[in-house]
Amino acid sequence: MSRNDFPDVAARRARQAELKQDLEIEETLEGVPLRLRTTWGLFSPRRIDDGTRLLLRHAEIGSGDRCLDLGCGYGPIGLVMAHKAAPGACTLVDTNFMAVEYARANAERNGLTNVECLLSNGFSHIRDRRFDVVASNLPAKVGRELLYTWLLDAHEQMNPGGRLYVVTITGLRRFIEKGFREVFGNYDKLKQGRDYTVALARREED
């Protein structure tokens, strides 16, 4: 190894150390100020994505609601819901253990005590819970089987009159509408933009 190689090694190590540093986001989302810590490998680590903003703008959360953030990432949707639902509570779940740990730390960082963050493949580890509100920023590549699994599980575990809010890329809006109508029997398009669409389904009263 020549002496000239050392600056490149040092630069790579410095870049490696930089990438391992947590990222910080300070945002006010729908009137809720949040201090969030994220990392590379989680969804949208540098900024709150536009789909999340749109979902939160249109989701109605009432005091005392029991909420679920399905696929929580580092937690912005669930933490806003928890703030608005107090004295209700919000459960945040994700299949990524790093996401769950960051969401849990972010709840503590923002002084939210009505939050529980759990590792769960969809509803698999929260079968004993019932919710008034379920919200999810669905991945763009959600497949039919996975979508219908989530919708059927959500319907089963929502209280009568409960609300399901999802945001997806606008190209999936017909796919989501079909799933909502087949499982819930209803569909309400709350907002359709160029990039994202927010939809609502309600579990009908028994």
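Let me sum up the structure you'll find in this document. (Residues numbered from 1 in each chain as written. Predicted model: local features only at pLDDT ≥ 70, side-chain atom pairs only at ≥ 80, totals over all residues. Heavy atoms only, no water.)

## A short note on the nonpolar core
Formed by 37 residues in total, the largest nonpolar core has its most connected members in Leu-79, Met-81, Leu-92 and Val-115. If sequence neighbours within four positions are ignored, Leu-79 has contacts with Leu-34, Leu-36, Leu-92, Asn-106, Ala-107, Asn-110, Leu-112 and Val-115. Membership of the second largest hydrophobic core comes to 26 residues, among which are Val-93, Phe-123, Val-134 and Val-142. (Core = buried A, V, L, I, M, F, W, Y, C linked by side-chain atoms within 4.5 Å. Buried < 20%, exposed > 50% of the residue type's maximum accessible area, 1.4 Å probe, protein only. Contact = heavy atoms within 4.5 Å.)

## A look at the packing of helix α5 (residues 144-157) against helix α6 (residues 173-184)
Look at α5 against α6: their axes get within 10 Å of each other, and the N-to-C directions meet at 40°. Here α5 is positioned oblique relative to α6, judged by the angle of their axes. Judged by the twist between their axes, the crossing of α5 over α6 is right-handed. Within the contact between the two elements, α5 uses Arg-144, Leu-147, Tyr-148, Leu-151, Leu-152, Ala-154 and His-155 and α6 uses Phe-175, Ile-176, Lys-178, Gly-179, Phe-180, Glu-182, Val-183 and Phe-184. For the contact of α5 with α6, the class distribution of residues is 10 nonpolar, 2 polar and 3 charged. (Axes fitted to C-alpha atoms, helices over the stretch in contact; angles between N-to-C directions. Helix = DSSP H or I, 4+ residues; strand = E, 2+ residues; numbered from the N terminus. Parallel < 35°, antiparallel > 145°, perpendicular 65-115°, else oblique. Left-handed = near helix turned anticlockwise from the far one by under 90°. Nonpolar A, V, L, I, M, F, W, Y, C, P; charged D, E, K, R; others polar.)

## Things to note about the pairing of strand β1 (residues 23-29)
The pairing of β1 with strand β2 (residues 32-38) spans 7 bridges and is antiparallel. In the strand pairing of β2, Glu-27 is matched with Leu-34. The turn joining β1 and β2, which pair antiparallel and follow one another in sequence, is formed by 2 residues; a positive phi near 50° is taken by Glu-30. (Pairing = 2+ DSSP bridges.)

## A closer look at the pairing of strand β4 (residues 89-94)
Among the 6 residues that make up β4, 6 are buried, leaving the element largely enclosed by the rest of the structure. Burial of β4 is two-sided: the residues Ala-89, Thr-91 and Val-93 facing one way and the residues Cys-90, Leu-92 and Asp-94 facing the other way are all buried. In terms of strand pairing, strand β3 (residues 66-70) meets β4 through 5 bridges, oriented parallel. Bridge pairing links Cys-67 to Cys-90 in β4. As for the winding sense of the linkage, the β-α-β connection from β3 through helix α3 (residues 76-85) to β4 is right-handed. Relative to strand β5 (residues 115-119), β4 is paired through 5 bridges, and the arrangement is parallel. Residue pairing for β5: Cys-90 is matched across the bridge by Val-115. Between the parallel elements β4 and β5, the chain passes through helix α4 (residues 97-109) in a crossover that is right-handed. (Right-handed = clockwise from strand over helix to strand, strands pointing away.)

## Description of the sheet that holds β5
If you walk across this open sheet you meet the 7 strands as β5-β4-β3-β6-β7-β9-β8, and the pairing is mixed. What marks the edges here is a single partner per strand, and that holds for β5 and β8 (188-192). Neighbouring strand axes in the sheet, compared pairwise and without regard to direction, differ in orientation by 15° on average. Packed onto the sheet, α4 meets β4 and β5 and runs at close to 170° relative to β5.

## Structural notes on the environment of Val-134
Residue position: Val-134 is located in strand β6 (residues 131-137). Spatially, the C-alpha atom of Val-134 lies 8.7 Å from that of Arg-66, the residues being 68 residues apart in sequence. Sequence-distant contacts of Val-134, that is, excluding residues within four places in its chain, are made with Leu-68, Phe-123, Met-158, Arg-163, Leu-164 and Tyr-165.

## Here's the deal with empty space enclosed by the protein
A full pass over the atoms with the stated rule returns 1 cavity of 30 Å³ or more. Looking at the largest cavity, its volume works out to about 60 Å³. In terms of lining residues, the largest cavity is bounded by Leu-70, Phe-123, Val-134, Ser-136, Leu-138, Trp-150, Leu-151, Ala-154, Leu-164 and Val-166. Counting residues per element, the ones that place at least two in the lining of the largest cavity are β6, α5 and β7 (158-169). Top element by residues in the lining of the largest cavity is α5. It accounts for 3 residues. Residues of the lining of the largest cavity, tallied by class, amount to 9 nonpolar, 1 polar and no charged. (1 Å grid on protein atoms, 1.4 Å probe; cavity = no way out; pocket = protein on both sides within 12 Å on 5 of 7 lines; lining within 4 Å. Points joined across faces, edges and corners; volume = space filled by probe spheres on them.)

Structural measurements only, silent on function.
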